[in-house]
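Okay, here's what each chain looks like letter by letter:
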Amino acid sequence: MNYWLFKTDTEDYTIDDLKQDKKTPWTGVRNYQARNFMRDHMKKGDFVLFYHSGGTTPGIAGLAKIASASYPDPTQFDKKSKYFDEKATKEKPRWVLVDIAYAKKFKNFISISVMRNKRELQDMWALRIGNRLSITPVTKEEFEIIQLLANSQ
DNA sequence: GCCAACGTTGGC
DNA sequence: GCCAACGTTGGC
């Protein structure tokens, strides 16, 4: 069992969108490291912390689950998509994605400032200076702290 | 809107 | 294979 944090710009997609969709293919990841996490390390059933960026308050809004193994991202072949990649072929796809499924919206939204103030979360990959990866691993310990913060009064 | 940090590109 | 230039991300 692995744990992940997925970032999404709230202008594009939010936890409420995922709640409505129930499940969505996580298209558009165009970073090799993030791709490799999906391709090599994600398993159906892994937990995903759903992180909102770009909005007024960045932070973790809810929980999702990996709902598929990785497979080629169809948008890389779509000339009309902004994620189109002319160097990708169906025989040799360059980019993959996974499906994620809605699990729940957290009772407490966990803002980045709350996370930064929590000693146990100091080393979280997603909080490191200059980190721009949209998909990062989360340790079991970090995940459990987040659960506590999400459910505390 | 600013800007630091970073990944990618492309010339050499 | 180096590295400057560029574009983008994302917190503030």
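Computed from a predicted model, the values in this text were never measured in an experiment.

Chemist: In this structure, what is going on with the overall build of chain A? I would like to understand it.
Modeler: Helix and strand counts for chain A come out as four helices and eight strands. Listing every helix and strand of chain A by position from the N terminus yields β-α-β-α-β-β-β-β-β-α-β-α. Relative to a compact globule of 153 residues, whose C-alpha radius of gyration would be 15 Å, chain A shows 15 Å and is just as compact. Burial statistics for chain A: of 153 residues in total, 45% are counted as buried. In chain A, 74% of the contacts between residues at least 6 apart in sequence involve partners at least 24 apart.

Chemist: How should the protein's contact with DNA strand C be read in this particular structure?
Modeler: The immediate surroundings of DNA strand C are formed by Lys7, Tyr51, Ser53, Gly54, Pro58, Ile112, Arg116 and Arg132. Sugar plus phosphate, as a fraction of atoms of DNA strand C within 4 Å of the protein: 71%. A distance of 2.7 Å separates a phosphate oxygen of DNA strand C from a polar side-chain atom of Tyr51. Between DNA strand C and the protein, one listed contact pairs a base oxygen with a side-chain N or O atom of Arg132 at 2.7 Å. Mapped by element, the contributors of at least two residues to the surface near DNA strand C are strand S3 (47-53) and helix H3 (112-116). Residue composition of the surface near DNA strand C, by class: three nonpolar, two polar and three charged.

Chemist: Whenever I open this one, the pattern of salt bridges confuses me. Can you help?
Modeler: Oppositely charged side chains can pair when the atoms bearing their charge come close. Taken as a whole and judged by the stated rule, the model has five salt bridges. Salt-bridge contacts for Arg39 lead to Asp40; the nearest nitrogen and oxygen are separated by 3.0 Å. With a relative accessible area of 43%, Asp40 lands in the partly exposed category. Of the charged contacts in the structure, one is a salt bridge between Lys140 and Glu144, with a shortest N-O distance of 3.0 Å. Of this pair, Lys140 and Glu144 both sit in helix H4 (residues 140-151), four residues apart, which is roughly one turn of the helix.

Definitions and cut-offs
Per chain, residue numbering runs from 1 following the sequence as it is written. Following the order in which they are written, the chains are lettered starting with A and the ligands numbered starting with 1. Local features are withheld for residues below a pLDDT of 70 in this predicted model, meaning they are given only at 70 or higher, and side-chain atom pairs are given and counted only at 80 or more; totals for whole chains, interfaces and linings count all residues. In computing side-chain values, all of the structure's heavy atoms are included and hydrogens and water are not. Helix and strand assignments follow DSSP, with helices taken as H or I runs no shorter than four residues and strands as E runs no shorter than two, numbered in order from the N terminus. What the globule rule says is 2.2 Å times the number of residues to the power 0.38, and the radius of gyration is computed from C-alpha atoms. Throughout this description, buried means an accessible area under 20% of the type-specific maximum (1.4 Å probe, protein chains only), exposed means over 50%, and partly exposed covers the range between. In this analysis, two residues are considered to be in contact whenever any of their non-hydrogen atoms come within 4.5 Å of each other. For this purpose, a residue is taken to be near a molecule or strand whenever a single non-hydrogen atom of the residue falls within 4 Å of it. Whenever two N or O atoms come within 3.5 Å, that pair is a polar contact, provided that in protein one can donate a hydrogen and the other can accept it, and provided that, for residues adjacent in sequence, both atoms are side-chain atoms. Under the scheme applied here, ten amino acids are nonpolar (Ala, Val, Leu, Ile, Met, Phe, Trp, Tyr, Cys and Pro), four are charged (Asp, Glu, Lys and Arg), and all others, including Gly, are polar. Salt bridge, as used here: a side-chain nitrogen of Lys or Arg that lies within 4 Å of a carboxyl oxygen of Asp or Glu.

On their own, these measurements won't tell you what the molecule is for.
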